[in-house]
Amino acid sequence: MTPATPLLPPADWRDFLALTKPRVMTLVVFTGLCGMLAAPVGIDPVLGFTAILCIALGAGAAGALNQWYEADIDAVMKRTAQRPLPAGRMERQSALHFGVGLGAFSVILMGLAVNLAAAAILAVSILFYVLIYTVWLKRRTPQNIVIGGAAGAFPPLIGWAAATGEVALLPLLLFALVFLWTPPHFWALALFVKTDYANAGVPMLPVVAGEAATRRQIGLYTIPMAAAAVAPWPLGLTGPIYGVVAVALTAAFCVLAALVAAGAKRGGTPMFYEKRLFAYSILYLFVIFGALVVDRWVA
Ligand code: HEM
Ligand SMILES: CC(C)=CCC/C(C)=C/CC/C(C)=C/COP(=O)(O)OP(=O)(O)O
């Protein structure tokens with residue numbers, strides 16, 4: 001009679017928080033908040049808070065289900081080996097139940113308290129990240145983050161739909177901005193953590209197609225990203241505050257992306273521009289979405 005594997009002690013609340021990828025999801029939720037505040041109609045503050053809470057809970061649920069499914073490859077990569085599941089601080093089943101419960105709760109609460117349109121887009125974004133990106137694409141194709149990146153682009157649509165009950169051209173442009181921003185954002189990082197993904201057998205572009213092809217793709221994706229970022233201004237969907245900030249920030253993004261695409265080196269520091277582009281990509285999205293709200297409320 002083989003002894004049953006001893007169950008782990010109950011996981012600490014900090015491990016459940018870690019499952020939600022709080023640092024990444026902060027920007028995800030911020031883009032949802034900005035999508036809601038940029039809408040032409042106001043929203044009751046309590047309902048607005050509830051909507052943003054649902055986006056945060058839904059994003060966290062998606063992160064938990066991603067970690068439940070990826071416990072095996074997370075254990076192999078240095079960057080993720082200390083997460084609750086690969087580090088053995090939590091039963092895998094606990095992450096599954098936590099993710100499913102939190103995700104269902106977030107969608108039901110959004111549907112009952114806010115509206116069905118926002119709830120439906122929230123459900124689609126959770127399912128897209130878990131089923132399309134994590135389960136289907138991530139281990140199969142270097143286009144995983146391009147197609148799967150759509151999941152991370154839904155929050156501005158969810159925020160706008162929470163306020164208006166529908167979708168419009170501006171939130172669709174914001175979706176396009178985040179969707180096209182994702183490849184430069186991630187592939188800049190993937191260039192300097194390539195070994196981790198190779199060891200885990202994940203077919204990220206630098207592993208499958210090499211550094212030169214990845215650099216070229218970073219440069220190519222930045223072009224339509226720049227167009228999506230600036231377009232709301234000439235289309236009359238925003239004022240000059242957003243327009244000027246978008247042009248200036250996007251110009252800097254293009255310069256950094258061009259340096260990475262060209263394989264530029266900075267003295268003896270390896271991956272200098274790749275690390276700068278990755279870090280700047282996060283600041284870029286925070287500031288450009290913030291400018292959208294300032295433009296809407298100040299103009
Ligand atoms: C499929 C799409 C995406 C992929 C593959 C991806 C990948 C990554 C990875 C691997 C990291 C390093 C984080 C870590 O080591 O734990 C990261 C960091 C980050 N990502 Fe992305 N990302 C994606 C989409 C997004 C989106 C849509 C947003 C927000 C709108 C975002 C915001 C961030 C932020 C804020 C960080 C920094 C987190 C920190 O400082 O620890 N990412 N991303
Ligand atoms: C409302 C809602 C559902 C929002 C979801 C937003 C979303 C999908 C953001 C993507 C964030 C992210 C870090 C993806 C990378 O996953 P990964 O598994 O490649 O990253 P890892 O290797 O660090 O685990």
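You'll find the structure just up there.
Throughout what follows, the structure given in this document is the object of discussion. Every value quoted in this text rests on a predicted model; they were computed, and no experiment measured them.

### Some words on the overall build of the chain
Secondary structure assignment for the chain yields 15 helices and zero strands. Relative to its length of 299 residues, the chain is compact, with a C-alpha radius of gyration of 20 Å against a globular reference of 19 Å. Taking the principal axes of the C-alpha coordinates as reference, the chain spans close to 75 × 55 × 25 Å. Burial analysis of the chain (299 residues in total) assigns 51% to the buried set. Of the contacts made within the chain by residues no fewer than 6 positions apart, 73% connect residues no fewer than 24 positions apart. Working note: accessible area of the chain is about 13,400 Å², and carbon and sulfur atoms make up 72% of it. With 19 positive and 12 negative side-chain charges, the chain shows a spacing of 9 Å between the two charge centroids.

### A look at helix α13 (residues 211-230)
When the terminal C-alpha atoms of α13 are compared, their 29 Å separation across 20 residues agrees well with the 28 Å that a helix rising 1.5 Å per residue should span. Turning to α13, its buried residues number three or more, namely Ala213, Thr214, Arg215, Ile218, Gly219, Tyr221, Thr222, Met225, Ala226, Ala228 and Ala229. Where the residues of α13 are buried, they touch α7 (144-148), α10 (169-192), α12 (205-208), α14 (240-261) and α15 (272-298).

### Remarks on the nonpolar core
One broad rule of soluble globular proteins: the nonpolar side chains tend to lie buried together. Counting 81 residues, the largest nonpolar core has Met110, Leu177, Trp187, Tyr284, Leu285, Ile288 and Phe289 as its most contacted members. For this core, the leading source of residues is α10, giving 13 residues. When residues of this core are assigned to domains, at least three fall in each of domain 1 (13-167) and domain 2 (168-299). Leaving out residues up to four positions away in the same chain, Ile288 has contacts with Leu177, Ala229, Tyr242, Ala246, Leu249 and Thr250. By size, the runner-up hydrophobic cluster in this structure holds six residues, among which are Leu19, Ala64, Met90 and Ala95.

### Quick word on the coordination of the iron atom of ligand 1
One donor from the polypeptide reaches the iron atom of ligand 1: His185 (NE2), at 2.2 Å. In this fold, His185 is placed in helix α10.

### A few points about the site of ligand 2
Around ligand 2, a shell composed of 19 residues is seen, among which Asn66, Arg79, Arg83, Tyr129 and Tyr133 lie nearest. Here an oxygen atom of ligand 2 sits 2.9 Å away from a polar atom, N or O, in the side chain of Lys21. Between ligand 2 and Glu70 there is a distance of 3.1 Å, counted from an oxygen atom to a side-chain nitrogen or oxygen. More than half of the atoms belonging to ligand 2 lie within 2 Å of the grid points that define the largest pocket. Breaking the shell around ligand 2 down by element, the ones donating at least two residues are α2 (22-37), α3 (45-69), α6 (116-137) and α8 (150-153). With five residues, α6 is the single largest residue contributor to the shell around ligand 2. Its residues assigned to classes, the shell around ligand 2 comprises ten nonpolar, four polar and five charged.

### Some details on the packing of α14 against α15
Between α14 and α15, the shortest axis-to-axis distance is 9 Å and the interhelical angle comes to 170°. The orientation of α14 with respect to α15, classified from their angle, is roughly antiparallel. Grouping the constituent residues of the contact of α14 with α15 by class yields 22 nonpolar, two polar and three charged.

### A word on the pattern of salt bridges
According to the stated counting rule, one finds eight salt bridges in the structure shown. Asp12 is the salt-bridge partner of Arg14, the closest N and O atoms lying 2.9 Å from each other. For Arg14, a relative accessible area of 51% translates into the label exposed. Relative accessible area serves as the criterion here: at 29%, Asp12 is assigned to the partly exposed category. Each of the salt bridges in this network shares a partner with another, and the network as a whole consists of Lys194, Glu211, Arg215 and Glu274.

### Concerning the layout of surface pockets
Of the pockets and cavities examined, the largest pocket occupies roughly 1,300 Å³. Together, 48 residues line the largest pocket, and Lys21, Val24, Met25, Tyr129 and His185 are the ones closest to its centre. Ranked by the residues each element gives to the lining of the largest pocket, the list is headed by α2, at seven residues. Per-class residue counts for the lining of the largest pocket are 29 nonpolar, twelve polar and seven charged. Built from parts of two domains, the lining of the largest pocket gets at least three residues from each of domain 1 (13-167) and domain 2 (168-299).

### Brief notes about the packing of α10 against α13
Direction vectors running N to C along α10 and α13 enclose 155°, while the axes themselves pass 8 Å from each other. Comparing their axes, α13 and α10 come out roughly antiparallel. The chirality of how α10 crosses α13 is left-handed. Contacts from Leu173, Ala176, Leu177, Leu180, Trp181, Pro183, Pro184, Trp187, Ala188 and Leu191 of α10 reach α13 at Glu211, Thr214, Arg215, Gln217, Ile218, Tyr221, Thr222, Pro224, Met225, Ala228 and Ala229. Residues that form the contact of α10 with α13 fall into these classes: 16 nonpolar, three polar and two charged.

Rules used throughout
- Residues numbered from 1 in each chain as written.
- Chains lettered and ligands numbered in written order.
- Predicted model: local features only at pLDDT ≥ 70, side-chain atom pairs only at ≥ 80, totals over all residues.
- Heavy atoms only, no water.
- Helix = DSSP H or I, 4+ residues; strand = E, 2+ residues; numbered from the N terminus.
- Rg over C-alpha atoms; globule rule 2.2 N^0.38 Å.
- Buried < 20%, exposed > 50% of the residue type's maximum accessible area, 1.4 Å probe, protein only.
- Contact = heavy atoms within 4.5 Å.
- Areas by Shrake-Rupley, 256 points an atom, 1.4 Å probe, with all protein chains shown as cover.
- Lys, Arg positive; Asp, Glu negative; His and termini not counted.
- Charge placed at Lys NZ, Arg CZ, Asp CG, Glu CD.
- Expected span 1.5 Å × (residues − 1).
- Core = buried A, V, L, I, M, F, W, Y, C linked by side-chain atoms within 4.5 Å.
- Domains from an automatic or database assignment.
- Donors = N, O, S within 2.8 Å, 3.2 Å for Na, K, Ca; no water.
- Near = heavy atom within 4 Å.
- Polar contact = N/O pair within 3.5 Å; in protein donor to acceptor, adjacent residues only side chain to side chain.
- 1 Å grid on protein atoms, 1.4 Å probe; cavity = no way out; pocket = protein on both sides within 12 Å on 5 of 7 lines; lining within 4 Å.
- Sits in = over half its atoms within 2 Å of the grid points.
- Nonpolar A, V, L, I, M, F, W, Y, C, P; charged D, E, K, R; others polar.
- Axes fitted to C-alpha atoms, helices over the stretch in contact; angles between N-to-C directions.
- Parallel < 35°, antiparallel > 145°, perpendicular 65-115°, else oblique.
- Salt bridge = Lys/Arg side-chain N within 4 Å of Asp/Glu carboxyl O.
- Points joined across faces, edges and corners; volume = space filled by probe spheres on them.
- Left-handed = near helix turned anticlockwise from the far one by under 90°.

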